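Chain by chain, the residues run as shown.
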Amino acid sequence: MTRALHEPREFPFRTNSLNLFRLILAALVLIAHAYYTAGYDWSPGFNGENLGGWAVIGFFVISGFLITRSRLRTDAGAFLVHRIARIMPAFVICLLLTAAVFGPIAMLAAHGSLAGYATTGPTPLEYVWGNLFLHIDHYAIGESLSTVPYANTWNGSLWTLYFEFVCYLIVWVLGGLAVFRRSVLLTAGLWALSIAVRILMATGTTGGLDSDFELLARLLPYFLGGSLVYLIIQRWSYVPLLGLIAAPIAAVLMVLVPIAGGPLAAPFLCYALLYLSTVVRQPDWIARNDISYGFYIYAWPMQQLIFIFGGAQFGIVVYILITAVATTLLALASWFLVERPVMRLARGRTAVPAHSSAS
């Protein structure tokens, strides 16, 4: 057993459980946000981050690992097409559904009328157009969410997608450099630099840069940590024992070290998650169908709607269960009607392989 753990091997890209872990992370985001949308002034967490923040960090380290693999296995044009196909169509449909369906339902339930819905700013058209290119400029649609505890916010989760796509573009550029493909040193250096920038920004040394740069500085170390792990495994293979060792290191850094703990933990967290994905089995259905993205983008609007209809009055646990069921139904529709068909089209109508390709 010990010998098997320390022997280098190929990482099992087609037989891991990363789809399951991404779905678990999306569920943790829902749980964390449920407290806020239900009117609590706190949410479970540790070391300055709630569970939702740590779950997003998990998303970013896994994404850095998988997206780097995608960039090194496809040409620059195909990579961009695949990334746009993966993230944009479902995102746009979510915006349209929010403006054309969820918003009117909330307006009727809360105010008994649609009067002013189409004309009170931000209007439905402003909401869609202002957010269309991933950068979230409008969270409200008129007065449709003026009566809920977390008022005037239709989707507090979508802001991360803009920064994730920026990370895609960074890897897209890096992938064209021979040094990026041949050595881990460039990525290791960029990861270390990103941690230094994060510390400076968090301690007030912003250099006059805006909040967008601050948010990118917050998330980029995790993405680059995952990218670094992919390059390490590509060069020296995957060693299960390192995953076992990485897990407690990541936990100590994340729990005990303020500000820099999370960014420093990024490659350790990534390696630990990779190890877990090889020893925890996932249902075959989840291996074939990645609904985590749809779950992530629809959870918040479902929470707001269900609160309006009294779903939180039965307690936080019941509220979470109701919103999870409703979100799962929308995530299934998003996967089967939008995400999977578009990805197949983008890949030349070929089947979407399980696990890594659906990232």
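All values reported here derive from a predicted model rather than from experimental measurement.

## Let's talk about the overall build of the chain
- The helix and strand tally for the chain stands at 14 helices and two strands.
- Against the globule reference of 21 Å for 359 residues, the chain gives a C-alpha radius of gyration of 21 Å, in line with a compact fold.
- Each of the three principal axes of the chain carries a C-alpha extent, and together these read 65 × 50 × 40 Å.
- Split into buried and exposed, the 359 residues of the chain put 52% on the buried side.

## Focus: the environment of V255
- Structurally, the position occupied by V255 is in helix α10 (residues 240-256).
- A residue is classified by how much of its surface remains accessible, and V255, at 43% relative accessible area, is partly exposed.
- Separated by 214 residues in the primary sequence, V255 and D41 place their C-alpha atoms 22 Å from one another.
- Dropping the residues within four chain positions of it, V255 is found in contact with F46 and N47.

## What about the packing of aromatic side chains?
- Scanning the entire structure with this criterion turns up 20 aromatic pairs.
- With a centroid separation of 5.1 Å and 90° between ring planes, the pair formed by Y162 and F163 is classed as edge-to-face.
- Of the residues examined, Y162 reaches a relative accessible area of 27% and is grouped as partly exposed.
- Residue class for F163 comes out buried when judged on its relative accessible area of 4%.
- Grouping aromatic residues by their ring pairs yields a cluster made of F11, F13, F65, Y230, Y238 and Y271.

## Observations concerning the confidence of the model for the chain
- Taken residue by residue, the chain gives an average pLDDT of 95. The fraction at 70 or more is 96%.
- Note that pLDDT drops below 50 for residues 350-359; the model gives that stretch 33 contacts with residues more than four away or on any other chain.

## Overview of unusual backbone geometry
- Cis geometry is found at the peptide bond from G121 to P122, where omega equals -10°.
- Structurally, P122 can be placed in the loop between α4 (76-111) and α5 (124-131).
- With phi around 65°, I259 is a residue other than glycine that occupies positive phi space.
- With respect to the helices, strands and loops of the structure, I259 is situated in the loop between α10 and α11 (261-279).

## Structural notes on the side chain of T327
- Residue position: T327 is located in helix α14 (residues 316-346).
- Look at T327 and you get buried, because its relative accessible area is 0%.
- Within the structure, T327 has its side chain in polar contact with the backbone oxygen of T323 (distance 2.6 Å).

## So, a nonpolar patch on the surface
- Among the surface-exposed residues, L241, L242, L244, I245, I249 and F268 lie close enough to one another that they form a single nonpolar patch of about 440 Å² accessible area.
- Of the residues forming the nonpolar patch, the biggest block, five residues, is contributed by α10.
- For L241, a relative accessible area of 31% corresponds to the partly exposed category.

## Overview of the environment of A272
- With respect to the helices, strands and loops of the structure, A272 is situated in helix α11.
- Looking at A272, the relative accessible area reads 7%, which means it is buried.
- For A272 and G103, which are 169 residues apart along the polypeptide, the C-alpha to C-alpha distance reads 41 Å.
- For A272, the residues in contact, after removing those within four places along its chain, are G243, A246 and A247.

## Some thoughts on the pattern of salt bridges
- Evaluated as defined, the whole model comprises four salt bridges.
- Residues R86 and E339 are paired through a salt bridge, measuring 2.8 Å at the closest nitrogen-oxygen approach. You can see R86 sitting in helix α4 and its partner E339 sitting in helix α14, a full 253 residues away along the chain.
- Taking relative accessible area as the criterion, R86 reaches 5% and is therefore assigned buried.
- On the accessibility criterion, E339 (2% relative accessible area) is buried.

## Examining helix α3 (residues 51-73)
- In this model, α3 (23 residues) spans 33 Å end to end at C-alpha, consistent with the 33 Å of a helix rising 1.5 Å per residue.
- The N-cap of α3, judged by a side-chain oxygen 2.8 Å from the amide nitrogen of G52 a few residues on, is N50.

## Things to note about the packing of helix α13 (residues 292-308) against α14
- For the pair α13 and α14, the least separation of the axes is 8 Å and the interaxial angle reads 135°. Taken together, the axes of α13 and α14 lie oblique to each other. In this structure, the crossing between α13 and α14 has a hand that is right-handed. Only Y319, I322, T323, A324, A326, T327, T328, L330, A331, S334 and E339 of α14 make contact with α13, whose side of the interface consists of Y293, G294, F295, Y298, A299, M302, Q303, Q304, I306 and F307.
- The residue makeup of the contact of α13 with α14, split by class, is 13 nonpolar, seven polar and one charged.

## Overview of the nonpolar core
- Within the largest apolar cluster, 104 residues are counted, with the highest numbers of intra-cluster contacts made by F65, F91, L161 and I297.
- Examining the composition of this core, we find that twelve residues originate from one element, α3, more than from any other.
- Apart from the residues lying within four places of it in its own chain, the contact partners of F91 are N131, L132, L134, I136, L158, L161, Y293 and I297.

Reading guide: rules and limits
- Residues numbered from 1 in each chain as written.
- Predicted model: local features only at pLDDT ≥ 70, side-chain atom pairs only at ≥ 80, totals over all residues.
- Heavy atoms only, no water.
- Helix = DSSP H or I, 4+ residues; strand = E, 2+ residues; numbered from the N terminus.
- Rg over C-alpha atoms; globule rule 2.2 N^0.38 Å.
- Buried < 20%, exposed > 50% of the residue type's maximum accessible area, 1.4 Å probe, protein only.
- Contact = heavy atoms within 4.5 Å.
- Phe/Tyr/Trp six-rings, centres within 6.5 Å; stacked < 30°, edge-to-face > 60°.
- pLDDT = per-residue confidence, 0-100.
- Polar contact = N/O pair within 3.5 Å; in protein donor to acceptor, adjacent residues only side chain to side chain.
- Patch = residues over 30% accessible without salt bridge, like charges linked within 9 Å, V, L, I, M, F, W, Y side chains within 5 Å.
- Areas by Shrake-Rupley, 256 points an atom, 1.4 Å probe, with all protein chains shown as cover.
- Salt bridge = Lys/Arg side-chain N within 4 Å of Asp/Glu carboxyl O.
- Expected span 1.5 Å × (residues − 1).
- Axes fitted to C-alpha atoms, helices over the stretch in contact; angles between N-to-C directions.
- Parallel < 35°, antiparallel > 145°, perpendicular 65-115°, else oblique.
- Left-handed = near helix turned anticlockwise from the far one by under 90°.
- Nonpolar A, V, L, I, M, F, W, Y, C, P; charged D, E, K, R; others polar.
- Core = buried A, V, L, I, M, F, W, Y, C linked by side-chain atoms within 4.5 Å.

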